[in-house]
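# Coordinate inspection notes
Below, each chain spelled out in residue letters.
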Amino acid sequence: MSAININQIKIEESWKSLLKNEFEAEYFSKIKHGLQQMRDAGETIYPPGPQIFKTFDLTPVEKVKVVILGQDPYHNPGEAMGMSFSVPKGVRTPPSLVNIYKELATDLGTAMPTHGDLTYWGQQGVLMLNAILTVSQNKPASHRNIGWQFFTDAVISNISSNLDNIVFMLWGNFAKGKAALIDESKHLVLSSAHPSPLAGGAFFGNHHFSKANAFLIAHGKNPIDWQIV
């Protein structure tokens, strides 16, 4: 199977340049082929094609300040939108995101948002990256073996190597496993339990949002306005 043409990739130009070798790699052709096979078999795949790389489109390489790592997209209809933990306006806010909002309220005194669309964070430099970028409807983690982790590991490694003073938020054991890809001598790695209710509240009290802003300010960067309005 030949590698796909990089010009066919719909992604913000700075990422297309930084990840050129990944898009031209054999494994990426296999990802595209695997997704097409699933579609041909009648499976519904989330997020919709134009939104698979939405977090990259919102946050060009040079604007990245914070990386929030998730595992894979929401698998229910209408939820996944190409940013980890985020759902479109009008969709019920998922329990994990409710817990993120609760921690924000405790940490920074923010008000509880009425929706789960995190686009505002992305516009300020928060890359909300899922390790697996697609999923089949009603089948959580169904695309974990099609090759996405080769790609997203490369994203993390490239950010670590090419940028300075980035905050990485690793929530849950899966995300914590990516710490080895990050140079902690120049970046801040914040690890905690996952915000899922299944973690029994262990996520609360990590103060990741205030710690992230303190780090950004200390390194001459504008802090993130975490308040979703």
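Since this is a predicted model, take the numbers as computed values, not measurements. (Residues numbered from 1 in each chain as written. Predicted model: local features only at pLDDT ≥ 70, side-chain atom pairs only at ≥ 80, totals over all residues. Heavy atoms only, no water.)

## Structural notes on helix α5 (residues 95-108)
The end-to-end C-alpha distance of α5, which contains 14 residues, comes to 20 Å, matching closely the 20 Å that a straight helix rising 1.5 Å per residue would cover. Within the sequence span of α5, burial applies to Ser96, Leu97, Asn99, Ile100, Tyr101, Glu103, Leu104 and Asp107. Where α5 is buried, its residues meet α6 (119-124), β5 (167-171) and α9 (208-218). Looking at the residues trailing α5, positive phi occurs at glycine 109, about 75°. (Helix = DSSP H or I, 4+ residues; strand = E, 2+ residues; numbered from the N terminus. Expected span 1.5 Å × (residues − 1). Buried < 20%, exposed > 50% of the residue type's maximum accessible area, 1.4 Å probe, protein only. Contact = heavy atoms within 4.5 Å.)

## Things to note about the pattern of salt bridges
For side chains of opposite charge, pairing can occur when their charged atoms come near one another. Applying the stated criterion to the full structure yields five salt bridges. The salt bridge involving glutamate 24 is made with lysine 20; its shortest N-O contact spans 3.1 Å. Among the residues examined, lysine 20 registers a relative accessible area of 38% and is labelled partly exposed. Among the ionic pairs, lysine 178 bridges to aspartate 153, the shortest N-O distance being 2.8 Å. Of this pair, lysine 178 sits in the loop between α8 (173-176) and β6 (188-192) while aspartate 153 sits in helix α7 (residues 148-162), and the two are 25 residues apart along the sequence. Relative accessible area serves as the criterion here: at 8%, lysine 178 is assigned to the buried category. (Salt bridge = Lys/Arg side-chain N within 4 Å of Asp/Glu carboxyl O.)

## Quick word on unusual backbone geometry
A cis amide bond links tyrosine 46 to the next residue, proline 47, at an omega of -10°. Considering the arrangement of structural elements, one finds proline 47 in the loop between β1 (45-46) and α4 (54-58). Backbone geometry at phenylalanine 85 places phi at a positive 75°, although glycine is not the residue there. Considering the arrangement of structural elements, one finds phenylalanine 85 in the loop between β2 (66-70) and α5. Unusually for a residue other than glycine, asparagine 138 sits at a positive phi of about 65°. Inspection of the secondary structure assignment puts asparagine 138 in the loop between β4 (135-136) and α7.

## A closer look at the pairing of strand β3 (residues 126-130)
Of all five residues making up β3, five are buried, and the element is well covered by its neighbours. Burial of the side chains of β3 extends over both faces: Val126, Met128 and Asn130 are buried on one face and Leu127 and Leu129 on the other. Direction of pairing for β2 relative to β3: parallel, over a ladder of five bridges. By the bridge assignment, valine 66 is partnered in β3 with valine 126. (Pairing = 2+ DSSP bridges.)

## A short note on the packing of aromatic side chains
Enumeration according to the criterion identifies 20 aromatic pairs in this entry. Seen from their ring centres, tyrosine 27 and phenylalanine 28 are 6.5 Å apart, and the 70° between their planes marks the pair as edge-to-face. For tyrosine 27, a relative accessible area of 17% gives the class buried. Given the relative accessible area of 5%, phenylalanine 28 is considered buried. By way of ring pairs, the aromatic residues Trp15, Phe23, Tyr27, Phe28, Phe53, Phe56, Trp148, Phe150 and Phe151 are connected into one cluster. (Phe/Tyr/Trp six-rings, centres within 6.5 Å; stacked < 30°, edge-to-face > 60°.)

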